[in-house]
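The lines below spell out each chain.
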Amino acid sequence: MRAPDTPLEQPLLELDNLRVNFHTPTGIVRAVRGLSFTLGRERLGIVGESGSGKSMTGRAILDLIPHPGEVLADRMVYRGQDLLTMDRRTRRKLRGRHISMVMQDPKFSLNPVQTVGEQIAEAYRVHHKASSREARERSLAMLEAVQIREPARVYALYPHEVSGGMGQRVMIAMMLIAEPDILIADEPTSALDVTVQLQVLKILDDLVTSRGMGLIFISHDLHLVKSFCDRVIVMYGGKVMETLQASELEQAQHPYTRGLLGCLPDLDHPKAKLATLNRDPAWLA
Amino acid sequence: MSAQPAISVEKLNVSFGDSHVVKDLSFDVAAGESYGIVGESGSGKSTVLRVLAGLNREWSGEAKILGKSQPKIRDRAFYRAVQMVFQDPYGSLHPKKTVDDALAEPLAIHGIRDAEARIGRAMTDVGLPTSFRFRYPHQLSGGQRQRVAIARALVLEPTILLLDEPTSALDVSIQAEVLNLLQALRHERKLTYILVSHDLAVVAHMCERLLVMQFGRGVEEMSAATLAARAPQTAYAQQLLTASEGFRRHA
Ligand SMILES: Nc1ncnc2c1ncn2[C@@H]1O[C@H](COP(=O)(O)OP(=O)(O)OP(=O)(O)O)[C@@H](O)[C@H]1O
Ligand SMILES: Nc1ncnc2c1ncn2[C@@H]1O[C@H](COP(=O)(O)OP(=O)(O)OP(=O)(O)O)[C@@H](O)[C@H]1O
Ligand SMILES: [Mg+2]
Ligand SMILES: [Mg+2]
């Protein structure tokens with residue numbers, strides 16, 4: 001097993017002192033405050049407080065921070081290429097083909113007036129020369145791979161006609177069809193039942209193991225992160241509290257991480273009231 | 001004679017075109033009970049809640065709420081008594097309306113006076129700083145939007161809450177706060193809940209009984225104690241329990 005901070009070979013992504021700020025009429029919102037990490041061909045989990053900047057970190061890597069957000073970093077490098085100085089066109093070309101993100105709100109990210117199948121096929125054709133027939137077949141195969149029953153029926157549905165978990169899988173299919181080097185998956189399986197969830201994770205796992213994809217896996221599910229990821233970053237208030245081997249999550253030392261573990265309902269230890277967290281201002285000092 | 005159930009569903013069927021997505025589903029929820037629904041993605045859980053909430057008009061069978069057989073189209077009093085928290089908060093919040101608008105609107109529709117105080121309380125209850133009151137949905141994180149959706153359902157003080165994955169976008173500390181709040185409200189005000197969730201530990205914590213769904217059917221109804229004892233009867237429910245133990249990588 002690898003040590004926490006020494007990924008093999010050239011890293012896929014290096015991020016140093018990332019900051020994301022929103023200048024609002026009532027002051028600056030500091031969504032991300034100095035985040036640094038290196039991603040190798042591994043499964044890197046990000047867990048943390050709601051509003052702690054997890055999604056904004058993913059969006060900053062893709063250059064998708066909405067107006068009036070501002071992204072600052074000392075270093076942001078994709079396989080040796082500097083993302084900060086790269087021209088917008090080249091950067092846009094990386095997006096989708098080499099670095100993809102499964103958004104947290106899949107239905108909102110999909111085009112409401114096009115069927116979900118056509119959207120997957122289009123994602124394929126943007127990055128690969130293919131006939132529409134071939135793109136359709138590929139898309140159907142992808143839907144099947146993400147465990148959609150009746151792929152042909154679902155192909156023809158519009159986003160508002162698919163269930164929450166089907167929408168998530170459509171989004172995953174769309175992002176994987178381009179075979180990216182880095183996949184940022186923002187709570188990709190939160191709407192899936194546990195059996196389908198494991199089947200979808202198996203696909204992501206195979207891509208990391210066999211193709212060497214780097215996976216950033218944002219999740220609130222601590223048990224899942226513990227069993228699925230290699231390393232895990234714990235975020236709070238836009239900052240990293242600690243970075244751990246995922247398998248050692250239960251032995252975390254930081255009081256925030258320990259507090260999180262204490263809030264979980266547990267099938268084997270029912271209690272009338274769940275423990276909650278005492279947030280310490282010192283964590284953000 | 002047992003008390004009349006708060007919700008009673010009898011042979012419910014729902015189809016969209018050729019696809020028959022809810023099949024002969026029947027269950028009862030007692031007044032003051034919290035009833036869980038778990039099951040396969042696409043098995044019809046959200047559809048059942050939408051029928052009960054009066055948002056879906058294509059169904060057959062019988063749905064009784066608070067003793068009254070429900071017509072396809074509901075009246076205003078119904079919406080005061082029954083509120084739903086949607087699985088997909090982005091879709092259920094209007095993009096051009098602030099948090100304040102989202103919470104004030106239902107109060108205005110129902111002519112409720114102490115709007116200011118209620119909005120403040122609802123936001124505090126779900127752990128949203130009141131400084132977020134004039135933000136738009138796109139200025140919030142996923143979990144913050146989810147909390148607006150929960151606050152909006154609570155602000156009318158309904159007697160029945162239909163909760164579709166209410167905490168799946170929340171970190172576990174906010175989840176604990178929201179679940180504690182829901183339990184406290186239920187006991188104080190004798191509320192009735194249906195809670196759809198993929199998290200078996202959450203369902204066991206919140207609910208007395210639960211229904212497992214697959215392919216549009218109810219495959220097994222059980223008590224939370226049966227779930228916790230890992231003693232369900234059906235293979236599918238057993239599979240869910242096994243899968244909830246986490247990811248296993250085969251060498
Ligand atoms: N346009 C904006 N203006 C002001 N603040 C914003 C804006 N967009 C996002 N934020 C704030 O930035 C912070 C980080 O948001 P982000 O979406 O990254 O959180 P997150 O960690 O993904 O949370 P969650 O787990 O709830 O999805 C949040 O507190 C959010 O309110
Ligand atoms: N408006 C619609 N038109 C066509 N099919 C629909 C429509 N709404 C739902 N369906 C179909 O009904 C089935 C059940 O959907 P539903 O949203 O109830 O599932 P669910 O159990 O809530 O799943 P999940 O756990 O993924 O949210 C799905 O196959 C879905 O595609
Ligand atoms: Mg997020
Ligand atoms: Mg659903």
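Residues numbered from 1 in each chain as written. Chains lettered and ligands numbered in written order. Predicted model: local features only at pLDDT ≥ 70, side-chain atom pairs only at ≥ 80, totals over all residues. Heavy atoms only, no water.

1. Observations concerning the coordination of the magnesium ion (ligand 3)
- Taken together, the protein ligands of the magnesium ion (ligand 3) are Ser55(A) (OG) and Gln104(A) (OE1), with distances of 2.0 to 2.2 Å. Remark: Gln104(A) occurs in the loop between β7 (99-102) and α3 (106-109) and Ser55(A) occurs in helix α1 (residues 54-61); sequence separation between them is 49 residues. (Donors = N, O, S within 2.8 Å, 3.2 Å for Na, K, Ca; no water. Helix = DSSP H or I, 4+ residues; strand = E, 2+ residues; numbered from the N terminus.)

2. Remarks on the sheet that holds strand β6 (residues 82-85) of chain B
Residues and elements named next belong to chain B.
- Strand order in the open sheet formed by six strands is β6-β7-β8-β3-β9-β10, and the pairing between neighbours is mixed. In the strand order of this sheet, the two ends are held by β6 and β10 (217-223), each with one partner. Averaged over all pairs of adjacent strands, the angle between their axes in this sheet comes to 15°, without regard to strand direction.
- Sheet analysis places strand β3 (residues 34-39) next to strand β8 (residues 192-196), joined by four bridges and oriented parallel. (Pairing = 2+ DSSP bridges. Axes fitted to C-alpha atoms, helices over the stretch in contact; angles between N-to-C directions.)

3. Considering the site of ligand 2
- If you check the shell around ligand 2, you find 21 residues, and the closest are Ser163(A), Gly165(A), Ser41(B), Gly42(B) and Thr47(B).
- More than a single chain frames ligand 2: its nearby residues are located in chains A and B.
- Separating an oxygen atom of ligand 2 from a side-chain N or O atom of Ser163(A) is a distance of 2.7 Å.
- One nitrogen or oxygen atom from the main chain of Ser43(B) is found 3.2 Å from an oxygen atom belonging to ligand 2.
- When isolated, ligand 2 has an accessible area of 640 Å², and the protein chains bury 90% of it.
- Secondary structure elements with two or more residues in the shell around ligand 2: α7 (164-176) of chain A together with α1 (45-52) of chain B. (Near = heavy atom within 4 Å. Polar contact = N/O pair within 3.5 Å; in protein donor to acceptor, adjacent residues only side chain to side chain. Areas by Shrake-Rupley, 256 points an atom, 1.4 Å probe, with all protein chains shown as cover.)

4. A word on the sheet that holds strand β4 (residues 59-65) of chain B
Residues and elements named next belong to chain B.
- Taken together, the four strands give an open sheet; going across it, the order is β2-β1-β4-β5, and neighbouring strands pair in antiparallel fashion. The outermost strands of the open sheet, each flanked by one partner alone, are β2 (19-29) and β5 (68-69).
- Examined bridge by bridge, strand β1 (residues 7-16) and β4 share six bridges and lie antiparallel to one another. Pairing of Asn 13 across the sheet is with Ser 60, part of β4.
- Strands β1, β2 and β4 of the sheet are contacted by α1, whose axis makes an angle of about 115° with β1. (Contact = heavy atoms within 4.5 Å.)

5. Some words on the coordination of the magnesium ion (ligand 4)
Residues and elements named next belong to chain B.
- The coordination sphere of the magnesium ion (ligand 4) contains the protein donors Ser 46 (OG) and Gln 87 (OE1), at a distance range of 2.0 to 2.2 Å. In this pair, Ser 46 is assigned in helix α1 and Gln 87 in the loop between β6 and α3 (89-92), connecting sequence segments 41 residues apart.
- Accessibility expressed as a relative area gives 21% for Ser 46, which makes it partly exposed. (Buried < 20%, exposed > 50% of the residue type's maximum accessible area, 1.4 Å probe, protein only.)

6. With respect to the interface of chain B and chain A
- Taken together, the contact between chain B and chain A spans 48 residues of the former and 47 residues of the latter.
- Buried area between chain B and chain A, summed over both chains or domains, comes out near 3,900 Å², and the portion from carbon and sulfur atoms is 57%.
- For the pair chain B and chain A, the number of links is five salt bridges.
- Among the salt bridges present, the one from Arg249(B) reaches Asp205(A), with a minimum N-O distance of 2.6 Å.
- The interface formed by chain B and chain A includes 18 residue pairs in polar contact (both at pLDDT 80 or more).
- Those elements that provide at least two residues to the side of chain B that touches chain A are α6 (142-154), α7 (172-189), α8 (200-206), α9 (224-228) and α10 (235-243) of chain B.
- Ranked by residue count, the leading element in the side of chain B that touches chain A is α7(B), at eight residues.
- Looking at side-chain class alone, the side of chain B that touches chain A contains 19 nonpolar, 19 polar and ten charged residues. (Buried area = accessible area lost by both parts, 1.4 Å probe. Salt bridge = Lys/Arg side-chain N within 4 Å of Asp/Glu carboxyl O. Nonpolar A, V, L, I, M, F, W, Y, C, P; charged D, E, K, R; others polar.)

7. A closer look at the confidence of the model for chain A
- Put simply, chain A has an average pLDDT of 93, and 97% of its residues get 70 or more.
- Looking over chain A, one finds the lowest element-wise mean pLDDT in α3(A), namely 83, and the highest in strand β9 (residues 214-218) of chain A, namely 98. (pLDDT = per-residue confidence, 0-100.)

8. A look at the packing of α7(A) against helix α8 (residues 194-211) of chain A
Residues and elements named next belong to chain A.
- Orientation of α7 relative to α8, taken along the N-to-C sense of each, is 10°, at an axis distance of 12 Å. Taken together, the axes of α7 and α8 are roughly parallel relative to one another. For the pair α7 and α8, the contacting residues are Arg 169, Ile 172 and Leu 176 in the first and Val 196, Val 200, Ile 203, Leu 204 and Leu 207 in the second.
- Across the contact of α7 with α8, the residue classes break down as seven nonpolar, no polar and one charged. (Parallel < 35°, antiparallel > 145°, perpendicular 65-115°, else oblique.)

9. As for α6(B)
Residues and elements named next belong to chain B.
- Taking 1.5 Å of rise per residue, the 13 residues of α6 would be expected to cover 18 Å, and the 19 Å separating its terminal C-alpha atoms lies within 8% of that figure.
- Counting buried residues along α6, twelve of its 13 residues qualify, which places the element largely inside the surrounding structure.
- When α6 is considered as a whole, its buried residues turn out to be Gly 142, Gly 143, Gln 144, Arg 145, Gln 146, Arg 147, Val 148, Ala 149, Ile 150, Ala 151, Ala 153 and Leu 154. (Expected span 1.5 Å × (residues − 1).)

10. Let's talk about the packing of helix α4 (residues 99-109) of chain B against helix α5 (residues 115-125) of chain B
Residues and elements named next belong to chain B.
- Their axes nearest at 10 Å, the elements α4 and α5 cross at an angle of 125°. On the basis of the axis angle, α4 is oblique to α5. When you trace α4 past α5, the crossing you get is right-handed. Where α4 abuts α5, its residues Val 99, Asp 100, Leu 103, Ala 104 and Leu 107 lie against Ala 115, Arg 118, Ile 119 and Met 123.
- For the contact of α4 with α5, a count of residues per class yields seven nonpolar, no polar and two charged. (Left-handed = near helix turned anticlockwise from the far one by under 90°.)

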